[in-house]
Amino acid sequence: MAQHCPECGFANADGANYCQRCGAFMSISETATGASTASFRIGEAGEFEEAPIRPVSARGAVLVIRAGGGRAGEAFPLERPRLTVGRRPDSDVFLDDVTVSRDHAVVVKRGEHYYLDDCGSLNGTYVNRRRIDSQRLSDGDELQIGKYKLAFLGH
């Protein structure tokens, strides 16, 4: 049975976490069913090989790049109380594109929750397609920083 994307309506395989057409997060309830997404890499012979998936989110909150810059799937565990996001090469989450400010945003843990704070970026910071100055993050939130779309996976 196909699972339709809530954003573009594309019919995805049952149990898909992200839309194959637009990359939108399908739903939290689908991931709770135990369905998982396979990861593949190109082997030495040019064939697709299944790649082992490191359970990054099992250890705590994580940001995952969904789209942008050819880096989809790259994960950034939130292991410290503060992570910088920007075009500056020494940023904790380095996003190398002119649509991203050098010091674009910061992810901060306040109490038990994570917040995304914009640092006065030129193009703005978005959570679930709404421009924010500061926003408490919830599991499955979509972040947009420049041309990059990221997912916040928290517990």
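Treat the numbers as computed from the prediction; the structure is a model and nothing was measured. (Residues numbered from 1 in each chain as written. Predicted model: local features only at pLDDT ≥ 70, side-chain atom pairs only at ≥ 80, totals over all residues. Heavy atoms only, no water.)

A. Looking closely at the overall build of the protein chain. Of the regular secondary structure elements, the protein chain holds one helix and 15 strands. The contacts in the protein chain between residues at least 6 apart in sequence include a share of 28% that link residues at least 24 apart. Only carbon and sulfur atoms are counted for the fraction: they give 49% of the accessible area of the protein chain, which is about 9,200 Å². (Helix = DSSP H or I, 4+ residues; strand = E, 2+ residues; numbered from the N terminus. Contact = heavy atoms within 4.5 Å. Areas by Shrake-Rupley, 256 points an atom, 1.4 Å probe, with all protein chains shown as cover.)

B. Here's a closer look at the sheet that holds strand 7 (residues 82-86). One open sheet holds the five strands; their spatial order is 8-7-9-10-13, and the pairing between them is mixed. With partners counted over all chains shown, the strands left at the sheet margins are strand 8 (93-94) and strand 13 (134-136), one partner each. Pairing geometry for strand 7 and strand 9 (residues 105-110), over four bridges, is antiparallel. Pairing of Leu83 across the sheet is with Val107, part of strand 9. (Pairing = 2+ DSSP bridges.)

C. Broad picture of unusual backbone geometry. Look at Asn128: it is not a glycine, yet its phi comes out positive at around 50°. Judged by relative accessible area, which is 40%, Asn128 ranks as partly exposed. (Buried < 20%, exposed > 50% of the residue type's maximum accessible area, 1.4 Å probe, protein only.)

D. Representation of the confidence of the model for the protein chain in the model. Residue-level pLDDT values for the protein chain average 81, and 77% of them are 70 or greater. Within the model, pLDDT remains below 50 along residues 28-35, and this stretch shows six contacts once partners closer than five positions in the same chain are excluded. This model gives residues 54-58 a pLDDT under 50, and the stretch forms seven contacts once residues within four places in sequence are excluded. (pLDDT = per-residue confidence, 0-100.)

E. Focus on the pairing of strand 15 (residues 148-153). In terms of strand pairing, strand 5 (residues 62-67) meets strand 15 through five bridges, oriented antiparallel. If you follow Val62 over to strand 15, its bridge partner there is Leu153. Strand direction decides the pairing type here: strand 14 (residues 142-145) and strand 15, joined by four bridges, are antiparallel. Paired with Leu143 across the two strands is Leu150, which belongs to strand 15. Taking the residues between adjacent antiparallel strands as the criterion, strand 14 and strand 15 are bridged by two residues, where Gly146 takes a positive phi near 60°.

F. Quick peek at the sheet that holds strand 11 (residues 125-127). The strand order across the open sheet formed by six strands is 6-5-15-14-11-12, and the pairing between neighbours is antiparallel. Two strands lie at the open edges of the sheet, namely strand 6 (75-77) and strand 12 (130-132), each paired on one side alone. Neighbour-to-neighbour, the strand axes of this sheet turn through a mean angle of 30°, independent of strand direction. As defined by bridge partners, strand 5 adjoins strand 6 across three bridges and the pair is classed as antiparallel. If you follow Val62 over to strand 6, its bridge partner there is Pro77. (Axes fitted to C-alpha atoms, helices over the stretch in contact; angles between N-to-C directions.)

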